[in-house]
Amino acid sequence: MAAVLQPPSPLPTARLRLAPRGAVSLRVDGAWWPRSHQPLTELPPLISALPPEWGKIVTVTVNTAMWSEAPGRILAGHHVVRLRRESVWQRRHTIGLFEPDHGRRDLLVVPPELAAADAEYLMAAVAAYGL
């Protein structure tokens, strides 16, 4: 009997809600709800899910209090992305995404352990109002 080879499972889609284009955002450009605190696992699907008008993300800044250890670079969206870690307490629940032509965009990071109903409510509020 021949074995049937299964293709590798695709990366899970990012749980992401962005503020509408042209919306005046006070602090963040949307919300993202990762499944874990592992940047190597979570950041590639996020970067792949971003709209084309955000451009090619070259650097991501994460907070050391929320994310596990990570290398200085990751492969995401078929290109290398620099990963910077910072310990600024005001940005514990955000990540910064940098693109040379569009500058910085920030996403609120919803903690992975948050209950689904609470996470969905928070993400919808951020997407609607750019809190």
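Let me begin by describing the structure that accompanies this report. If you're wondering where the values come from, they're calculated on a predicted model, not measured in any experiment.

**Observations regarding the sheet that holds strand S5 (residues 79–86)**
Phase 1 of the analysis: Read across the open sheet, the seven strands follow the order S1-S2-S7-S6-S3-S5-S4; overall the sheet is mixed. Unpaired on one side and paired on the other, strand S1 (16–18) and strand S4 (73–76) mark the two borders of the sheet. Averaged over neighbouring strand pairs, the angle between their axes works out to 30° when direction is ignored.
Phase 2 of the analysis: Relative to strand S2 (residues 30–32), S1 is paired through three bridges, and the arrangement is antiparallel. Looking at the pairing, Arg 17 lines up with Ala 31 of S2.
Phase 3 of the analysis: Lying on the sheet, helix H1 (residues 39–49) is in contact with S1, S2, strand S3 (59–63), S4, S5, strand S6 (94–99) and strand S7 (103–109); it crosses S4 at an angle near 45°.
Phase 4 of the analysis: This element, helix H2 (residues 116–129), spans S1, S2 and S7 of the sheet and lies at about 25° to S1.

**Points about the nonpolar core**
Phase 1 of the analysis: Ranked by internal contacts, the top residues of the largest apolar core, which has 22 residues, are Trp 32, Leu 43, Leu 46, Val 60, Ile 95, Leu 97 and Leu 107.
Phase 2 of the analysis: Elements represented by at least two residues in this core include exactly H1, S3, S4, S5, S6 and S7.
Phase 3 of the analysis: Sort the elements by how many residues they give to this core and H1 lands first, with three residues.
Phase 4 of the analysis: When sequence neighbours within four positions are dropped, the list of residues in contact with Trp 32 reads Ala 14, Arg 15, Leu 16, Glu 42, Leu 43, Leu 46, Trp 67, Ile 95, Leu 107, Leu 108, Val 109 and Val 110.
Phase 5 of the analysis: Counting residues in hydrophobic clusters, the runner-up holds eight residues, among them Ala 31, Trp 33, Leu 108 and Val 110.

**A look at the pairing of S6**
Phase 1 of the analysis: Along S6, five of the six residues are buried, which leaves the element largely enclosed by surrounding structure.
Phase 2 of the analysis: For S3 and S6, the ladder comprises three bridges, and the chain directions are antiparallel. Paired with Thr 61 across the strands is Gly 96, a residue of S6.
Phase 3 of the analysis: In the sheet, S6 pairs with S7 via six bridges, with the strands oriented antiparallel. Of the residues in S7, the one forming a bridge with Ile 95 is Leu 107.
Phase 4 of the analysis: The hairpin turn running from S6 into S7, its antiparallel successor, is three residues long.

**Regarding the packing of aromatic side chains**
Phase 1 of the analysis: One pass over the full model with this rule turns up one aromatic pair.
Phase 2 of the analysis: One Lys or Arg, Arg 15, reaches over the ring of Trp 33 and ends 3.6 Å from the middle of that ring.
Phase 3 of the analysis: Against the face of Phe 98 rests Arg 84, its NZ or CZ located 5.4 Å from the ring centre.

Scoring rules and cut-offs
- Residues numbered from 1 in each chain as written.
- Predicted model: local features only at pLDDT ≥ 70, side-chain atom pairs only at ≥ 80, totals over all residues.
- Heavy atoms only, no water.
- Pairing = 2+ DSSP bridges.
- Helix = DSSP H or I, 4+ residues; strand = E, 2+ residues; numbered from the N terminus.
- Axes fitted to C-alpha atoms, helices over the stretch in contact; angles between N-to-C directions.
- Contact = heavy atoms within 4.5 Å.
- Core = buried A, V, L, I, M, F, W, Y, C linked by side-chain atoms within 4.5 Å.
- Buried < 20%, exposed > 50% of the residue type's maximum accessible area, 1.4 Å probe, protein only.
- Phe/Tyr/Trp six-rings, centres within 6.5 Å; stacked < 30°, edge-to-face > 60°.
- Lys NZ or Arg CZ within 6 Å of the ring centre and 35° of its normal.

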